[in-house]
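Next come the chains, spelled out residue by residue.
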Amino acid sequence: MTVRLAVLFGGRSGEHDVSRRSAESILAHLDRDTYDVTEVLIERDGQWRVNGDRATFAQALRTLGDQDVVFPALHGPYGEDGTVQSMLEWLGVAFVGNGVFASAAGMDKSVTKKLLAADGLRVAAGVTLRPDEELSSRDQERLGLPVFVKPARAGSSLGVSRVEQWAQLPAALRLARQSDAKVLVERAVRGREIDVGVLQHPDGRVEAGPPLEIRVANASFFDYDAKYDGGAVFHIPARLDPGTTRLLQDRAVQAFHALGCRGLLRVDFFLPDPHADHGTGWTGDDREPVINEVNTFPGFTAASQYPQIWQRAGVGYSALLDILIQGAPHRRDTAFPCPSPC
């Protein structure tokens, strides 16, 4: 039996183009004998298109509500942050990936860190600045240099700066606040950058894939250009001893549960130099990895980290899509009725 599937993409965030790239790969790898596919695009201005045709919001809702499963291939605010997930919950339609809470919490780096730290996971020292707040001299002294300045609720490294001198901080804050008024200033962690993908199978089993190590050739960190213009090299599996590999995988699965995730998650770690002082206040094993960020819907082009991790684990791109779609929870019995004219 053919599954009616809508791929929802685009959106109003600064990651609109990234979403379109992810959706392009998803659409190219779906088995059209298995799925009856509808393309639902949200334009940058919030207008909707269904299979290329302009649609009203009510028409788009009706289309989404008529599906068996929706695949939200959205990144950043207005899509990855629980906004669209809440709408799909309200429609009572099954959808791929994380629910409202995990999406909202995972989108906010400050909230993510608090939840992970409360579960005993190691995170880097940082300070959250709200609109018009500046970093105090006391916090400057505590964090030391260098620091990273990040929008709290943005992805793809948009608005992120590495600050080597405090004189660079005002410009870094201005750049970050172009993406989000809430900003995180975080102490840099010296070490290897390792990503671990987590996948939940339809039977509920949660599995971590082989660690991926990021090496950046022509940038000071894994910024937007390095992510999408070929400036980074991925090593899968990362060259790690078996004990460290298991540790990273265990911590990634722990993060998945700590945030109440379902379906998928990518956890980005720093594997710190054990001889460096990272100011985390951590008193445990020096090998303990530092969680940098999480991604509740990571980049999904064929060249992105998450699909590559599972490709290396023996799960091809099309098979990965099938696992995620089959695992989408069905809850039409809890749906609210869609009001007229929907």
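Here, every reference points to the structure presented above.
Predicted model only: the values in this text are computed from it and were never measured.

Which parts of the structure should I look at to understand empty space enclosed by the protein?
One simple way to see leftover space: roll a probe sized like a water molecule over the atoms. Within the structure shown, the criterion is met by 2 cavities of 30 Å³ or more. Within this model, the largest cavity holds a volume of roughly 90 Å³. The wall of the largest cavity is formed by Pro72, Leu74, Gly79, Glu80, Gln85, Val96, Gly97, Asn98, Ser103, Leu264, Thr296 and Phe297. For the lining of the largest cavity, the per-class residue count stands at 5 nonpolar, 6 polar and 1 charged.

Looking at this structure, I do not really get the pattern of salt bridges. What am I missing?
Inspection of every chain in the model, using the stated rule, returns 17 salt bridges. A salt bridge links lysine 182 to aspartate 108; its shortest N-O distance comes to 2.9 Å. With a gap of 74 residues between them, lysine 182 in the loop between helix H7 (169-177) and strand E10 (183-187) and aspartate 108 in the loop between helix H4 (100-107) and helix H5 (109-118) connect regions that are remote in the sequence. Owing to a relative accessible area of 13%, lysine 182 belongs among the buried residues under this scheme. Classification of aspartate 108 by relative accessible area gives buried; the value is 7%.

Would you mind going over the packing of aromatic side chains with me for this structure?
Two aromatic rings, taken as a pair, are described by how far apart their centres are and by the angle between their planes. One pass over the structure, following the stated rule, counts 7 aromatic pairs. Centroid distance phenylalanine 71 to phenylalanine 300: 6.2 Å. Interplanar angle 75°. Geometry classified as edge-to-face. Placement of the pair is phenylalanine 71 in strand E5 (residues 69-73) and phenylalanine 300 in the loop between strand E16 (290-295) and helix H10 (305-312), with a sequence separation of 229 residues. The exposure classification of phenylalanine 71 matches that of phenylalanine 300, with both residues buried. Between phenylalanine 300 and tyrosine 306, the aromatic rings sit 5.8 Å apart at their centres with planes inclined by 35°, giving tilted as the arrangement. Using a relative accessible area of 0% as the deciding quantity, one classes phenylalanine 300 as buried. The ring of tyrosine 78 carries arginine 12 above its face, with NZ or CZ at 4.4 Å from the centroid.

How each quantity is defined
- Residues numbered from 1 in each chain as written.
- Predicted model: local features only at pLDDT ≥ 70, side-chain atom pairs only at ≥ 80, totals over all residues.
- Heavy atoms only, no water.
- 1 Å grid on protein atoms, 1.4 Å probe; cavity = no way out; pocket = protein on both sides within 12 Å on 5 of 7 lines; lining within 4 Å.
- Points joined across faces, edges and corners; volume = space filled by probe spheres on them.
- Nonpolar A, V, L, I, M, F, W, Y, C, P; charged D, E, K, R; others polar.
- Salt bridge = Lys/Arg side-chain N within 4 Å of Asp/Glu carboxyl O.
- Helix = DSSP H or I, 4+ residues; strand = E, 2+ residues; numbered from the N terminus.
- Buried < 20%, exposed > 50% of the residue type's maximum accessible area, 1.4 Å probe, protein only.
- Phe/Tyr/Trp six-rings, centres within 6.5 Å; stacked < 30°, edge-to-face > 60°.
- Lys NZ or Arg CZ within 6 Å of the ring centre and 35° of its normal.

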